Amino acid sequence: MSDIARAVAFYEGRLGLVSLRSAPSATIADGSRIYASGGGPALNVYQSVTAGKTPATLATWYVDDIDGIVDELSSAGVEFVRYEQLDHDSKGITERAGGGRIAWFQDPDGNTFAVEADA
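Read on for a plain summary of the structure. Every chain begins its residue count from 1, and numbering advances along the sequence as written. Selection of residues for local features in this predicted model requires a pLDDT of at least 70, selection of side-chain atom pairs for listing and counting requires 80 or more, and totals for whole chains, interfaces and linings are taken over all residues. Only hydrogens and water are set aside; all other atoms, that is, all heavy atoms of the structure, feed into the side-chain values.

Concerning the sheet that holds strand β2 (residues 28-37)
Then comes step 1: Spatially, β1-β2-β3 is the arrangement adopted by the three strands of the open sheet, whose pairing is antiparallel. The sheet is open, and its two borders are formed by β1 (18-25) and β3 (40-46), each paired with just one other strand. Direction aside, neighbouring strands of the sheet carry axes that sit 30° apart on average.
Then comes step 2: Two strands form a pair only when DSSP identifies at least two bridges running between them. Secondary structure elements follow DSSP: runs of H or I of four or more residues count as helices, runs of E of two or more count as strands, with numbering from the N terminus. Bridge count for β1 against β2 is six bridges, and the pairing is antiparallel. Opposite S22, over in β2, you have R33 as the bridge partner. Note on geometry: axes are C-alpha line fits, over the in-contact stretch for helices, and angles between N-to-C directions span 0 to 180 degrees.

Take a look at the structure:
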């Protein structure tokens, strides 16, 4: 993220992730957060000048109820990305090749994440 305060607002406020601890990031004393997911540390978010520079999906959360998760995140103000080359349902969920479903969203810097389910 380009700004750790904005990151905290998004990851904790919108996604509802629990911060396990803060830590330094390069020259910024309190520039990163370690977030819990699935019972342990899973995601390190840190302030960086290269935030949002890659079009790749940076992380995917595998979930049992993708519809429920997408509804919950949408209610919290998370917007799901729709790609022109793919078909999306009304929630922004796409059928995945080989079965399953996936939906993508971005943080305020444009870093891309996904939620995905096998059913």
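Having seen it, we continue.
Some points on the environment of R21
Then comes step 1: Here R21 is to be found in strand β1.
Then comes step 2: Separated by 23 residues in sequence, R21 and N44 place their C-alpha atoms 9.9 Å apart.
Then comes step 3: We call two residues in contact when some of their heavy atoms are within 4.5 Å. Other than its neighbours up to four places away in sequence, R21 contacts S32, R33 and I34.

Some words on the nonpolar core
Then comes step 1: We call a set of buried residues a nonpolar core when its members are Ala, Val, Leu, Ile, Met, Phe, Trp, Tyr or Cys and they connect through side-chain atoms within 4.5 Å of each other. For every residue, the accessible area obtained with a 1.4 Å probe (protein chains only) is divided by the maximum for its type, and the residue is called buried under 20%, exposed over 50%, and partly exposed between those limits. Grouped together as the largest cluster of nonpolar side chains are 24 residues, with contacts concentrated most on Y11, L15, L43, W61, F80, F105 and V115.
Then comes step 2: Those elements giving two or more residues to this core turn out to be α1 (4-14), β3, β4 (57-62), α2 (66-75), β7 (101-106) and β8 (112-117).

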